[in-house]
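For reference, the chains in residue letters:
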Amino acid sequence: MNVKDLCELAITATDKSYSPYSGCKVGAALLTKGGKIYTGCNIENSSFSPTICAERVAFAKAVSEGEREFKAIAIAAKKDGKLATFTPCGVCRQVMSEFCDDDFTVLVVTSDGIYKEYVLAELLPASFKLD
Ligand SMILES: [Zn+2]
């Protein structure tokens, strides 16, 4: 699985988004170290706090299937039918840090259809971890 294909899966996952409140359709494609892929989309709620981001949906699907080792995640967002650049929220960054090393790859599909590549340590330096 190359990064471009992973980004394409994230873009496709935006189609499943349930986002009647923000109108932002977000998709994620999470690649395990074993080569499996779990996708997710954002699922909003009228009382807002139960809303869950696409990234955390992908992690919940993977972890609930027994996965614990991850290599990369691609994230894509659409607003008004066009690609938009969204980096992961703080809660999702913390979830990533629970299961991933500092060098975990985070690919953010940008509004111009390419992607920007980060590692988790850049997005969440000095993350909270219990030893
Ligand atoms: Zn999030």
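Rules and cut-offs
- Here, residues in each chain are numbered from 1, in the same order as that chain's written sequence.
- The model is predicted, so local features are restricted to residues of pLDDT at least 70 and side-chain atom pairs to those at 80 or more, both for listing and for counting; the totals for chains, interfaces and linings are taken over all residues.
- The side-chain figures draw on all heavy atoms in the structure; neither hydrogens nor water molecules are used.
- Here the term donor refers to an N, O or S atom within 2.8 Å of the metal (or 3.2 Å for Na, K and Ca), and because water is left out of the atoms, sites may appear incomplete.
- Where helices and strands are cited, they refer to DSSP runs of H or I of at least four residues and of E of at least two residues respectively, numbered from the N terminus.
- The rule for a salt bridge is simple: a side-chain nitrogen of Lys or Arg has to be within 4 Å of a carboxyl oxygen of Asp or Glu.
- Buried, partly exposed and exposed residues are distinguished by accessible area as a fraction of the type maximum, computed with a 1.4 Å probe on protein chains only: under 20%, between the cut-offs, and over 50%, respectively.

Draft legend 1. Examining the coordination of the zinc ion more closely. The protein atoms that coordinate the zinc ion are Cys 53 (SG), Cys 89 (SG) and Cys 92 (SG), at distances spanning 2.2 to 2.3 Å. When the donors of the zinc ion are listed by position in the chain, the intervening gaps give C-x35-C-x2-C. Residue Cys 53 is found in the loop between β2 (37-41) and α2 (54-64), and its partner Cys 92 is found in helix α3 (residues 90-99); the two are separated by 39 residues along the sequence.

Draft legend 2. Quick look at the pattern of salt bridges. In total, this model carries 2 salt bridges according to the counting rule given. With a closest N to O distance of 3.9 Å, Lys 36 and Glu 67 form a salt bridge. Placement of the pair is Lys 36 in the loop between β1 (24-32) and β2 and Glu 67 in the loop between α2 and β3 (70-79), with a sequence separation of 31 residues. Owing to a relative accessible area of 49%, Lys 36 belongs among the partly exposed residues under this scheme. Under the relative-accessibility criterion, Glu 67 is labelled buried at 15%.

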